[in-house]
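Geometric and topological summary
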Number of protein chains: 2
Amino acid sequence: MENFDFHVTTDIRFGKDRLSELSDVLNNFGKNVLLVYGGGSIKKSGLYDELYDQLNQNGNHVVELAGVDPNPRIETVQKGVQLCKENDVDVVLPVGGGSVIDCSKAIAASVFVEGDLWENFVIQRNYEGPALPIVTILTLAATGSEMNGTCVISNMDAQIKLGVHGKSLLPKVSFLDPTNTYSVNAYQTAAGSADILSHLIENYFNATPGTEVQDEIAEGLMKTVIKYLPVALDEPDNYTARANLMWASTLALNGLVGNGKKGSWSCHAMEHELSAFYDITHGVGLAIIIPRWMGHILDENTIPKFQRFAQEIWGVDEEDPKRAAEIGIQRFYDFLASCGIPMTLPEVGIQTEEDLQEMAHRAVEHSSISTKGFVPLNEDDVESIYRACMEDASFV
Amino acid sequence: MENFDFHVTTDIRFGKDRLSELSDVLNNFGKNVLLVYGGGSIKKSGLYDELYDQLNQNGNHVVELAGVDPNPRIETVQKGVQLCKENDVDVVLPVGGGSVIDCSKAIAASVFVEGDLWENFVIQRNYEGPALPIVTILTLAATGSEMNGTCVISNMDAQIKLGVHGKSLLPKVSFLDPTNTYSVNAYQTAAGSADILSHLIENYFNATPGTEVQDEIAEGLMKTVIKYLPVALDEPDNYTARANLMWASTLALNGLVGNGKKGSWSCHAMEHELSAFYDITHGVGLAIIIPRWMGHILDENTIPKFQRFAQEIWGVDEEDPKRAAEIGIQRFYDFLASCGIPMTLPEVGIQTEEDLQEMAHRAVEHSSISTKGFVPLNEDDVESIYRACMEDASFV
């Protein structure tokens, strides 16, 4: 196990009917609120009205930034910063999933950034300055952004999507009400769960030895997601399923399963290029890439961990290690497909291979996967993994 | 899953060679330090000297409270409070295991408590006042006190041992260096691990439905302890074993496996009376009680959870649920015995049954096990469990 810090100060308010606590929470920071959200789903669900009841009663001055897209854009961040400056905003209140929260984090920090935000904030990748306080109301179990200090921002003109990390980006308070995810449709529920699994898998397949605590927790959270995603798809209003998916999403990326390990994530680096070029759903891109990545890196060195994955997560009792590993990858692939996730690039609209080489180049350029991945990947590796994503896969 | 809060702000510094960070940490709070420790083990190990190098270089004014006993006494707390007041202490620095940290928490809070500390602090059970900042240096993997807001204090005259909880008791920073546990002897290593397992088990066997995240994490941490305790006993300097035991101990009682569940713990209520009457090692008392408690409450309602415990933790593949459950309890009992833990009360010096009835009375009186236990226990139940602790047990 590597040395690590764990200092995650977000105040989590988990469960139903907690919104009455919002006023007290906001009053710690001030009256001027930037409310950030995406499409109209929070209006349809009634959450928007419920929220305004609270904010009006509390005498908050509310400015709205609506229409935050999935894969949030630097332009939206700029718009939010302007609203904060014009309205002397005290606290940023994202109501949504990871994109809305990530965009809010970038806004909260960028208020304090001079000059060009892309150059002076995103490209820097690490941010050590201050930020406005962030209070989140989560409506999608997926990214874990509600309890970490990372945001991912896209520049669609330059076709670049990058993550930025900073301690001040950590939300002060996050409201996690599983009933707020009842209205998430099957596609986004499955994509969100694929995202949760991806965070667990990126940390689990790691070369640092002696990290049993982290690996056991990762396995436990994977099994939880695999148990409850099908339940949530069948019964969108199943509280137990939504609650376990939500809490698993938060814990999957708050440091519990990653701290104490070194090395860089491989599949997110590859997916970020897909999203940057084609603006696809992040969780779906990961679901497509991960099984091919697993197949690509399976060799005598990696077989033991894949065998453990097969046994512990998928109950594979095959004795031959390589065969067990392959069956585990196949089960994972089949599980994702069975949850309605499109499992090839053409199914998400990427019909040609023309950008694969350039994306492979950039995936290596924008990350350290060629030196610090679980198995280091060069451009040829990445291109080969992308090509395998063009058609159905079989691993056994 | 029940609604819950999770707000655990302790700044964990995990790993080797982190003590150079201590000066900066202390300087956030002030120069006057109350150093709290137990026996001479930190002098033998060299940690005491290393610490003074840091504190002297940093210009700290250090007051010492040495000799904190296991099951820390209210009198020691009073002594510490007096030292704090006389020396205008800014920060309390426990260097030790759970007893030293618990004593320090009680001191840090009691500085602000008027009048009799037992009456106005311990008996209250919940503390909402302020406390001096606490920075811990952990030397034993056991209680989890380094990352929670609870302390347990004993009044040996009245033979009472009670826990107090308060947000302000949460340590600000905790240094978790696994090498500081290399010198812990086999007996204390095993007792500490029994304590970790007890925290996981008390939360795991709980009547709240739909808590898969918590249960999976509890299982993962149990398996980690069961894997690494024998390694640490064989090779006291095995870093991986000590690191996993240490991090498991912290996560076992910081809310991760308990939040979202309601109901009260059963075995700690029973053990606290044993410690209060006979001053035995807490983890050993728990190791003796828990398997008998399991045997006592095993019935058709509880069999499913015990069957899962047997399968997931002990790999029992017996198909008959009751038989599987019994084998699981037996494996647990045998494991504890194989680690050198005395498994009967006479082995820890409790030769007669004369106090069992009174202890059973008090265990019920001092807790809510008769109404809110996983299986509610009345005085007869508790006495029967205590009696079963007088001789070797068999569960199959």
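Residues numbered from 1 in each chain as written. Chains lettered and ligands numbered in written order. Predicted model: local features only at pLDDT ≥ 70, side-chain atom pairs only at ≥ 80, totals over all residues. Heavy atoms only, no water.

- By the naming in an unreviewed UniProt entry, chain A goes by NADH-dependent alcohol dehydrogenase and is assigned to Tetragenococcus osmophilus.

**Focus: helix 8 (residues 212-234) of chain A**
All names here are of chain A.
- For helix 8, spanning 23 residues, the distance from its first C-alpha to its last is 34 Å, which sits close to the expected 33 Å at 1.5 Å a residue.
- If you look at helix 8, its biggest bend is around 25°, right at tyrosine 228, and the proline proline 230 turns up within four residues after that.
- Across the 23 residues of helix 8, 18 count as buried, placing the element largely inside the fold. (Helix = DSSP H or I, 4+ residues; strand = E, 2+ residues; numbered from the N terminus. Expected span 1.5 Å × (residues − 1). Bend = angle between axes of the 7 residues up to and from the residue. Buried < 20%, exposed > 50% of the residue type's maximum accessible area, 1.4 Å probe, protein only.)

**Some words on the sheet that holds strand 6 (residues 135-138) of chain B**
- Taken in spatial order, the seven strands make up an open sheet running 1(A)-2(B)-9(B)-6(B)-5(B)-3(B)-4(B), and their pairing is mixed. Every other strand in the sheet has two partners, leaving strand 1 (4-6) of chain A together with strand 4 (61-65) of chain B as the edge strands with one partner each. Along the sheet, successive strands turn relative to each other by an average axial angle of 15°, direction set aside.
- Here strand 3 (residues 32-36) of chain B runs beside strand 4 of chain B; their pairing, made up of five bridges, is parallel. By the bridge assignment, asparagine 32 of chain B is partnered in strand 4 of chain B with histidine 61 of chain B.
- Sitting on the sheet, helix 3 (residues 47-57) of chain B is in contact with strand 3, strand 4, strand 5 (91-96) and strand 6 of chain B, with an inclination near 155° to strand 4 of chain B. (Pairing = 2+ DSSP bridges. Axes fitted to C-alpha atoms, helices over the stretch in contact; angles between N-to-C directions. Contact = heavy atoms within 4.5 Å.)

**Comments concerning the interface of chain A and chain B**
- Taken together, the contact pairs 39 residues of chain A with 39 residues of chain B.
- Of the roughly 3,300 Å² buried where chain A meets chain B, counting both sides, 57% is carbon and sulfur surface.
- The largest share of the area that chain A buries against chain B comes from Phe6, Val213 and Trp247 of chain A, three residues that together contribute 17% of it.
- At the junction of chain A and chain B, the tally comes to eight salt bridges.
- Lysine 227 of chain A is the partner of glutamate 212 of chain B in a salt bridge, and the nearest nitrogen-oxygen pair spans 3.3 Å. (Buried area = accessible area lost by both parts, 1.4 Å probe. Salt bridge = Lys/Arg side-chain N within 4 Å of Asp/Glu carboxyl O.)

**Digging into the UniProt feature "domain: Alcohol dehydrogenase iron-type/glycerol dehydrogenase GldA" (unreviewed entry) in chain A**
- UniProt records the feature "domain: Alcohol dehydrogenase iron-type/glycerol dehydrogenase GldA" (unreviewed entry) at residues 10-178 of chain A, using the numbering of this structure.
- Counting secondary structure, residues 10-178 of chain A comes out at 32% helix and 24% strand; the distance between its end C-alpha atoms is 18 Å. (UniProt positions renumbered as here; feature names shortened; annotations may be inferred.)

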